[in-house]
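The primary structure of each chain is shown beneath.
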Amino acid sequence: MSVVLHWFLPTSGDGRTVVERFHANRSLGGAAQRDPDIDYLAQIAVAAERNGFTGVLTPTGTWCEDAWLTTAALIARTERLKFLVAFRPGVISPTLAAQMAATYQRISRGRLLLNVVTGGDAVEQRRFGDWLDHDQRYERTDEFLHIVRAVWSGRPVDFAGTHYQVSGATLLAAPSPVPSIYFGGSSDAALPVAARRADVYLTWGEPPAQVAEKIARVRALAGDRPIRFGIRLHTISRDTSAEAWREAEKLLAALDPAQVERAQAQLRASQSVGQQRMVALHGGDLSKGVRGLEIHPGLWAGIGLVRGGAGTALVGSHAEVADLIEEYYALGVEEFVLSGYPHLEEAYWFGEGVRPELARRGCVESSRLRRDGEVAWESAVRV
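Everything numeric in this text was worked out from a predicted model, so none of it was measured.

*Asks:* Would you mind showing me how to read the packing of aromatic side chains here?
*Replies:* Any pair of aromatic rings gets described here by the distance separating the centres and the angle formed by the planes. Under the counting rule described, the total for this entry stands at 8 aromatic pairs. With a centroid separation of 5.8 Å and an interplanar angle of 55 degrees, the aromatic rings of W68 and F87 are classed as tilted. Of this pair, W68 sits in helix α2 (residues 67–74) while F87 sits in strand β3 (residues 82–87), and the two are 19 residues apart along the sequence. You'll find W68 and F87 in the same group, each marked buried. A ring pair is formed by F87 and F144, whose centres lie 5.9 Å apart and whose planes are at 45 degrees; its orientation type is tilted. Here F87 is found in strand β3, whereas its partner F144 is found in helix α5 (residues 134–152), with 57 residues between them in sequence. For the pair F87 and F144, a shared accessibility class is recorded, and that class is buried.

*Asks:* Looking at this structure, I do not really get the confidence of the model for the protein chain. What am I missing?
*Replies:* Detailed conclusions should not be drawn from predicted coordinates in areas where pLDDT is low. Within the protein chain, residue pLDDT values average 91, and 92% of them lie at 70 or more. This stretch, residues 23–27, has a pLDDT under 50; its non-local contacts, to residues over four places away or in other chains, come to 17 contacts. Counting contacts from residues 368–383, a segment whose pLDDT is below 50, to residues more than four positions away or on other chains yields 29 contacts.

*Asks:* Teacher, can you tell me more about α2 here?
*Replies:* It helps to recall that an α-helix has 3.6 residues per turn; residues three or four apart then point in one direction. Along α2, the residues that are buried comprise A67, W68, T70, T71 and L74. As for α2, its buried residues are in contact with α1 (38–50), β2 (55–58), β3, α3 (94–108) and β4 (112–116). Measuring from the side-chain oxygen of the N-cap residue of α2 to the backbone nitrogen of W68 gives 3.2 Å; that N-cap residue is D66.

*Asks:* I'm lost on the packing of α3 against α5 in this one. Help?
*Replies:* Packed helix pairs are specified by the crossing angle of their axes together with the interaxial distance, meaning the distance between the axes. For the pair α3 and α5, interaxial distance at closest approach is 9 Å and the crossing angle is 45 degrees. The orientation of α3 relative to α5 falls into the category oblique. With respect to the hand of their crossing, α3 and α5 are arranged in right-handed fashion. Note on element contacts: α5 touches α3 through F144, I147, V148, V151 and W152, opposite P94, A97, A98 and A101. Looking at the contact of α3 with α5 residue by residue, the class counts come to 9 nonpolar, no polar and no charged.

*Asks:* Looking at this model, I keep getting lost on unusual backbone geometry. Mind explaining?
*Replies:* Excluding glycine, a negative phi dihedral is what most residues carry, and trans is how most peptide bonds are arranged. The peptide bond linking S176 to P177 adopts the cis configuration, its omega dihedral lying at 0 degrees. Positive phi, normally seen in glycine, also occurs at R109, with a value near 60 degrees. Tracing the chain through its elements places R109 in the loop between α3 and β4. A relative accessible area of 75% means that R109 is categorised as exposed.

*Asks:* Looking at this structure, I do not really get helix α9 (residues 257–268). What am I missing?
*Replies:* Its 12 residues give α9 an end-to-end C-alpha distance of 16 Å, which sits within 8% of 16 Å, the value for a rise of 1.5 Å per residue. In this structure, the buried residues of α9 make contact with α10 (273–282). For α9, the capping residue at the N-terminal end is D256, with a side-chain oxygen 2.9 Å from the backbone nitrogen of A258.

*Asks:* Hey, could you run me through the environment of I295 in this one?
*Replies:* Residue position: I295 is located in strand β10 (residues 294–296). With a relative accessible area of 25%, I295 lands in the partly exposed category. Spatially, the C-alpha atom of I295 lies 28 Å from that of V116, the residues being 179 residues apart in sequence. Those residues in contact with I295, other than ones at most four positions away along the chain, are P207, L281, A301 and T312.

The rules behind these values
- Residues numbered from 1 in each chain as written.
- Predicted model: local features only at pLDDT ≥ 70, side-chain atom pairs only at ≥ 80, totals over all residues.
- Heavy atoms only, no water.
- Phe/Tyr/Trp six-rings, centres within 6.5 Å; stacked < 30°, edge-to-face > 60°.
- Helix = DSSP H or I, 4+ residues; strand = E, 2+ residues; numbered from the N terminus.
- Buried < 20%, exposed > 50% of the residue type's maximum accessible area, 1.4 Å probe, protein only.
- pLDDT = per-residue confidence, 0-100.
- Contact = heavy atoms within 4.5 Å.
- Polar contact = N/O pair within 3.5 Å; in protein donor to acceptor, adjacent residues only side chain to side chain.
- Axes fitted to C-alpha atoms, helices over the stretch in contact; angles between N-to-C directions.
- Parallel < 35°, antiparallel > 145°, perpendicular 65-115°, else oblique.
- Left-handed = near helix turned anticlockwise from the far one by under 90°.
- Nonpolar A, V, L, I, M, F, W, Y, C, P; charged D, E, K, R; others polar.
- Expected span 1.5 Å × (residues − 1).

The following block contains the structure:
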């Protein structure tokens with residue numbers, strides 16, 4: 001099977017520094033130099049489509065625009081790009097979520113993917129009126145996804161659990177195709193839910209050995225149930241390794257020590273086990289310098305000094321970045337959800353640099369373009 005590549009929509013803003021608008025404190029990172037208006041986001045979506053990405057992840061939270069509405073507005077601006085819509089199970093009913101997904105599939109002609117975010121930050125969850133603790137949230141997510149999948153079957157659903165009770169839940173029509181469910185979480189409460197309910201288990205960009213260990217645990221829990229694996233990373237790819245590391249140095253140089261200290265205080269307080277694993281990769285130490293934050297050849301933890309969630313980047317020449325993607329792929333990672341600052345330009349650096357390299361190695365399929373209303377196929381290698 002080929003590698004599947006996705007990009008990211010920065011619906012809280014974008015810029016040439018590590019723009020951070022994450023969870024409880026909206027002032028930890030650099031200010032957005034580009035507002036997330038629909039025209040700018042459309043540029044990124046079109047760039048992702050033109051550069052051969054299958055879909056784009058859109059985040060969820062009070063610190064960004066709503067993912068459902070934003071991506072729905074971009075359906076008409078794109079032709080085949082899929083939208084990996086992140087949402088929180090605790091803020092809407094499972095029946096409504098199933099209905100929204102089914103409607104979205106019909107409107108978009110099958111371009112919806114779902115990223116279930118259970119939530120690891122208590123401050124952010126309480127903004128939505130959610131006061132459950134960490135493990136209770138995953139217990140609720142398990143029930144939520146059970147109901148959603150049952151409703152998608154097209155038959156009326158009755159369910160009585162700890163967190164939800166529904167009677168005769170149904171839809172106008174079942175979605176076709178059924179959206180794939182992407183699910184992340186590193187805790188003991190999260191992994192069994194992923195194994196039971198997810199189509200794709202997503203991990204943040206830890207070093208390969210740690211990713212391999214996590215994949216093994218999920219596979220063991222899933223048993224015979226098929227499940228795919230994906231990883232969330234940033235990318236800094238240039239024609240030479242030296243150029244790429246100079247770009248990483250620019251991002252690091254733009255960070256203020258006081259800003260890093262504030263960010264790390266918040267991130268260390270997170271209930272998310274995955275976030276704690278991210279923090280452990282760099283230790284919050286800006287003084288290590290750009291190369292001191294390289295935690296595996298080509299894997300750089302500098303972004304995580306101020307950014308919550310995905311805090312590592314693939315850094316190097318196009319061939320070196322492709323090497324690391326192949327390393328993860330050999331472990332069982334099939335889907336890569338990527339991003340970079342700024343997201344518009346980095347989509348082209350990756351699409352015109354790394355993707356052709358992956359194509360030469362037989363790791364990605366050719367990209368589909370439309371011309372004059374007809375479907376044509378072009379090689380991913382640009383000439």
